[in-house]
Amino acid sequence: MNSFWSDWNQMMKPRVTSLVLATAIPGLYLGSSSSPGTLLVFMTMLGTFLMSSASFIFNQILEKDRDSKMKRTANRPIPAGRISMTQAWIVGFAMTFVAFGILYYFANLLTAICAFAALLAYVFLYTLLLKPRTHQNIVIGGVAGCVGPLIGYAAVSNSLPLPAWILFLMIFLWTPAHFWALAIFLKEDYKDANFPMLPVVKGVKETGRSILFYTVLYVGSVIAFYWAEPSMGWLYMISSVFLSISILYFSVKLFQNPEPKFARGFFFFSILHLFLINILILIDHSISA
């Protein structure tokens, strides 16, 4: 039984999905003129979780052969033979159907479409089209992971205002720097699987330069949110500037020393950074409400 849950945990990647959920929560509160109902928040989170999990299942189905060539992924449930392709397809489609129904019934059609569009982007645009063909795969394909704010705003307002798109842009610019740091310390794995990731194609020095470039753009979007969202106050502004200086420091350090240990440090700090920014948004909004 423990192995069963462990295998499906690997298939659904709840730790990765938690970041999508974290970016959806600010939209749920900023997009509403009053505090959203508990049931709406819970069901929006549940639907988003299921849709995101389904996209990861489809990703692992489609990358079965490549996963078997990488040390990091060779023991995943599908290439290791612990979960069959048929089981994975059934669960993936069932989760997609249930997630769409939950978001449509408890929120609205726009919310369901946003979540489903993210799944399509991740499965078709990123996994099938871009990832095997271009080292810029994560730049374009990364849109799939940016829909959290759109889902949150859509669920409470049935609209997608400018602040929702600024948050979308924030995650869009955060994703390449975050993912390329991962690709630096997993360079040999990606090379073995014949994935044209940036460090494999252009080398770690160029990757470090690209990480710095996108980090600067990401920081700009973080600061821009203060001006786009009227409820943001000085707490967000001062704290976001401090956090932005911190991540810029890490990106410069990585650019100067594009080694796996520095890439690993930037990778984990970037996760913390995005979480803290979203928490700051919620705190500052609650203070000004």
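Residues numbered from 1 in each chain as written. Predicted model: local features only at pLDDT ≥ 70, side-chain atom pairs only at ≥ 80, totals over all residues. Heavy atoms only, no water.

Our working rule: UniProt positions are given in the numbering used here, feature names are shortened, and annotations may be inferred rather than shown by experiment.
Within an unreviewed UniProt entry, the label attached to the protein reads Protoheme IX farnesyltransferase, and the organism entered is Leptospira sarikeiensis. Recorded in UniProt under Pathway (unreviewed entry), the annotation for the protein is "Porphyrin-containing compound metabolism; heme O biosynthesis; heme O from protoheme: step 1/1." Quoted verbatim from the Catalytic activity (unreviewed entry) heading of the UniProt record, the comment on the protein is "heme b + (2E,6E)-farnesyl diphosphate + H2O = Fe(II)-heme o + diphosphate".

1. Focus on empty space enclosed by the protein
The line we're drawing: The method works on a 1 Å grid over the protein atoms by themselves. A cavity is a set of points holding a 1.4 Å probe that cannot get out, a pocket is an open set with protein on both sides within 12 Å along at least five of seven lines, and residues with an atom within 4 Å of a point line them. Grid points are joined across faces, edges and corners, and a volume is the space filled by probe spheres set on the points. Strands are runs of DSSP state E lasting at least 2 residues, helices are runs of H or I lasting at least 4, and numbering of each runs from the N terminus.
Counting across every chain of the model gives 1 cavity of 30 Å³ or more. Space inside the largest cavity adds up to approximately 30 Å³. Along the walls of the largest cavity sit W174, A177, H178, Y214, T215, Y218, I247, F266 and S270, which together make up its complete lining. Elements supplying a minimum of two residues to the lining of the largest cavity: helix 9 (162-185), helix 12 (204-228) and helix 14 (260-288).

2. Structural notes on the UniProt feature "transmembrane region" (unreviewed entry) in the protein
Under the local residue numbering, the UniProt record ascribes the feature "transmembrane region" (unreviewed entry) to residues 40-62, 83-103, 109-130, 137-156, 162-186, 207-228, 234-252 and 264-283. Taken end to end, residues 83-103 comprises 90% helix and 0% strand; its first and last C-alpha atoms sit 28 Å apart. Counted over residues 264-283, helix gives 100% and strand 0%. Its end C-alpha atoms are 29 Å apart.

3. Looking at the packing of helix 9 against helix 14
The criterion, for reference: Geometry is summarised by axes, namely lines fitted to C-alpha atoms with helices restricted to the contacting stretch, and by angles between N-to-C directions that run from 0 to 180 degrees. These descriptions rest on fixed angle ranges, namely under 35 degrees for roughly parallel, over 145 for roughly antiparallel, 65 to 115 for roughly perpendicular, and the rest for oblique. Crossing handedness: left-handed means the near helix sits turned counterclockwise from the far one by under a right angle, and right-handed means the same turn made clockwise. Contacts are assigned to residue pairs with any non-hydrogen atoms lying within 4.5 Å of each other. Side-chain classes are defined by residue name, with Ala, Val, Leu, Ile, Met, Phe, Trp, Tyr, Cys and Pro counting as nonpolar, Asp, Glu, Lys and Arg as charged, and the others, Gly among them, as polar.
One way to put it is that helix 9 packs onto helix 14 with a least axis distance of 7 Å and a crossing angle of 160°. The angle between helix 9 and helix 14 falls in the class roughly antiparallel. Taken as a pair, helix 9 and helix 14 cross one another with a handedness that is left-handed. Contacts between helix 9 and helix 14 involve L167, M170, I171, W174, A177, H178, A181, L182, I184 and F185 from the former and P260, A263, R264, F266, F267, S270, I271, L274, I277 and I281 from the latter. Looking at the contact of helix 9 with helix 14, its residues break down into 17 nonpolar, 2 polar and 1 charged.

4. Focus on the packing of helix 12 against helix 14
One can describe the packing of helix 12 onto helix 14 by two numbers: an axis separation of 12 Å at closest approach and a directional angle of 10°. It follows that helix 12 is roughly parallel to helix 14 by the angle criterion. In this structure, helix 12 uses I211, T215, Y218, V222 and F225 to contact helix 14, whose residues at the interface are F266, H273, L274, I277 and I281. Residues belonging to the contact of helix 12 with helix 14 are distributed by class as follows: 8 nonpolar, 2 polar and no charged.

5. Description of the side chain of N278
Spelled out, the test is: Counted as a polar contact is a pair of N or O atoms within 3.5 Å, where, for protein atoms, one must be capable of donating a hydrogen and the other of accepting one, and residues adjacent in sequence contribute only when both atoms are in side chains.
With respect to the element layout, N278 can be found in helix 14. Within the local environment of N278, its side chain forms a polar contact with the backbone oxygen of L274, the two atoms lying 2.8 Å apart. Excluding residues that lie within four positions of it along the chain, N278 makes contacts with A22, T23 and P26.

6. Looking at the domain arrangement of the protein
When the parts come together, some accessible area is lost, and that loss is often what is quoted as the size of the interface. Rule in force here: Where each domain begins and ends is defined by an automated method or by a domain database. Two parts placed together each lose some accessible area; with a 1.4 Å probe, that loss summed over both constitutes the buried area. The term salt bridge refers to a pairing of a side-chain nitrogen on Lys or Arg with a carboxyl oxygen on Asp or Glu at a separation within 4 Å.
Here the domain parsing of the protein yields domain 1 (1-159) and domain 2 (161-288). The interface is formed by 33 residues belonging to domain 1 together with 36 residues belonging to domain 2. Summing the contributions of domain 1 and of domain 2, the shared interface buries around 3100 Å²; its carbon and sulfur component is 76%. When residues of domain 1 are sorted by the area they lose upon contact with domain 2, L19, L30 and H135 head the list and together hold 19% of the total. Counting across the interface, domain 1 meets domain 2 through 0 salt bridges. Of all the secondary structure elements, the ones that give two or more residues to the side of domain 1 that touches domain 2 are helix 2 (14-30), helix 7 (137-141) and helix 8 (148-157). Per-element tally for the side of domain 1 that touches domain 2: the top contributor is helix 2, with 8 residues. Taken together, the residues of the side of domain 1 that touches domain 2 sort by class into 17 nonpolar, 9 polar and 7 charged.

7. Some remarks on helix 5 (residues 85-106)
Operational definition: To estimate the expected span of a helix, subtract one from its residue number and multiply by 1.5 Å. Here's how the labels work: a residue is buried when its accessible area is under 20% of the maximum for its type, exposed when over 50%, partly exposed in between, all with a 1.4 Å probe on protein chains only. Arc, as used here, means the arc of the directions from the helix axis to the C-beta atoms.
Its 22 residues place the ends of helix 5 31 Å apart at the C-alpha level, agreeing with the 32 Å of an ideal helix rising 1.5 Å per residue. Among all positions in helix 5, only A88, G92, M95, T96, A99, I102 and L103 are buried. All buried residues of helix 5 project into a common sector of 140° when viewed along the axis, lining one side. Across from the buried face of helix 5, at angles greater than 90 degrees, the exposed residues are T86, I90, F93, F97 and Y105.

8. Regarding the nonpolar core
Where we set the bar: Joining through side-chain atoms within 4.5 Å is the link that ties buried Ala, Val, Leu, Ile, Met, Phe, Trp, Tyr and Cys residues into a set, and such a set is a nonpolar core.
Within the largest apolar cluster, 84 residues are counted, with the highest numbers of intra-cluster contacts made by Y190, Y218, F225 and Y236. It is helix 9 that contributes the most residues to this core, 17 residues altogether. Both domain 1 (1-159) and domain 2 (161-288) contribute no fewer than three residues apiece to this core. Listed in part, the 6 residues of the second largest apolar core include L28, V41, M45 and A155.

9. As for a nonpolar patch on the surface
Going by this rule: Exposure above 30% relative accessible area and no salt bridge define the residues that can form patches, which grow by joining like charges within 9 Å and nonpolar side chains of Val, Leu, Ile, Met, Phe, Trp and Tyr within 5 Å. Using a 1.4 Å probe, accessible areas were evaluated by the Shrake-Rupley method; residue-level cover was limited to the displayed protein chains.
On the surface, L62, M85, W89, F93, L120, F124, L128 and L129 cluster together into a nonpolar patch covering about 710 Å² of accessible area. Elements with a minimum of two residues in the nonpolar patch: helix 5 and helix 6 (109-130). It is helix 6 that contributes the most residues to the nonpolar patch, 4 residues altogether. Among the secondary structure elements, L128 is positioned in helix 6. On the basis of relative accessible area, L128 is assigned to the partly exposed category, the value being 38%.

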